Amino acid sequence: GQQLNQSPQSMFIQEGEDVSMNCTSSSIFNTWLWYKQDPGEGPVLLIALYKAGELTSNGRLTAQFGITRKDSFLNISASIPSDVGIYFCAGHLSNAGGTSYGKLTFGQGTILTVHP
Amino acid sequence: DGGITQSPKYLFRKEGQNVTLSCEQNLNHDAMYWYRQDPGQGLRLIYYSQIVNDFQKGDIAEGYSVSREKKESFPLTVTSAQKNPTAFYLCASSIGYRRLFFGSGTQLSVL
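Predicted, not measured: the structure shown is a model, and the values here were computed from it.

As a further point, take the sheet that holds strand β7 (residues 64–66) of chain B. Residue and element names in this part refer to chain B. As summarised here, the arrangement of the four strands in space is β1-β3-β8-β7, forming an open sheet in which the pairing is antiparallel. With one partner strand each, in any of the chains shown, β1 (4–7) and β7 form the two edges of the open sheet. Here the average twist between neighbouring strands, direction ignored, is 20 degrees. Bridge analysis of β7 against strand β8 (residues 76–78) gives three bridges, and the strand direction is antiparallel. Paired with Tyr64 across the strands is Val78, a residue of β8.

Written as structure tokens, this is what we have:
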């Protein structure tokens, strides 16, 4: 099946630093999503990418859909304490029959800790 | 406010017992999903439903059952056949096939 490798597994940074994380896949996707999960809560969608090469920003967050369609990265600029949480990438590939409806493949997550 | 409501937040299961996790959405989304989350792992799909009265197995359906009698509701039953049920369970819904919106989760533990 499809595999997503997300790195790094964890990051410990100082407030104000920039953060970068990425996901690579053994298969191509036509959608990449980035989610953030706070402890004990469900993931919240941060950014959605739908085209190879697409670069999208949401405030201090920037994400890109890799040209090969097998990777994506997320950058967070000028980190703040509330950025703490687990960040997940997720990929989706719809097939011709449409039977992959909503079936996302998730990375293992990157745990981000921000020290004040 | 529109959203996805999961209940209860915490649930305890005794050996041999079936337990049911509730998921309700008022977003008018057609599709609903159940995911399991274990520490240090990504989310794994248990079951999903594209329309009422229809659902399909995901990657780890063994030991679980679902029903979809109403568009708004997609309950998950963790049966006694699921030998390792302790996990964080997430319900999600989507109007299209790409953007999923999640509930706040249910933590299931074994007594």
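Among all residues save glycine, negative phi is the norm, and among peptide bonds the norm is trans. In this model, Ser7(A) is joined to Pro8(A) through a cis peptide bond whose omega is 0 degrees. Relative to the helices and strands, Pro8(A) is located in the loop between β1 (4–7) and β2 (10–14). Following Ser7(B), the chain continues to Pro8(B) via a peptide bond in cis, the omega torsion being -5 degrees. Tracing the chain through its elements places Pro8(B) in the loop between β1 and β2 (10–13). Unusually for a residue other than glycine, Asn28(B) sits at a positive phi of about 60 degrees.

A word on the pairing of strand β9 (residues 85–92) of chain A. Residue and element names in this part refer to chain A. Taken across its eight residues, β9 has seven buried, putting it largely inside the fold. Relative to β9, strand β4 (residues 31–37) runs antiparallel, the two sharing seven bridges. Each residue of the ladder has a partner; that of Leu33, found in β9, is Ala90. Pairing geometry for β9 and strand β11 (residues 110–115), over three bridges, is antiparallel. Residue pairing for β11: Ile86 is matched across the bridge by Ile111. One ladder, built from two bridges, connects β9 with strand β10 (residues 105–106); its direction is antiparallel. Looking at the pairing, Gly91 lines up with Thr105 of β10.

Rules used throughout
- Residues numbered from 1 in each chain as written.
- Chains lettered and ligands numbered in written order.
- Predicted model: local features only at pLDDT ≥ 70, side-chain atom pairs only at ≥ 80, totals over all residues.
- Heavy atoms only, no water.
- Pairing = 2+ DSSP bridges.
- Helix = DSSP H or I, 4+ residues; strand = E, 2+ residues; numbered from the N terminus.
- Axes fitted to C-alpha atoms, helices over the stretch in contact; angles between N-to-C directions.
- Buried < 20%, exposed > 50% of the residue type's maximum accessible area, 1.4 Å probe, protein only.

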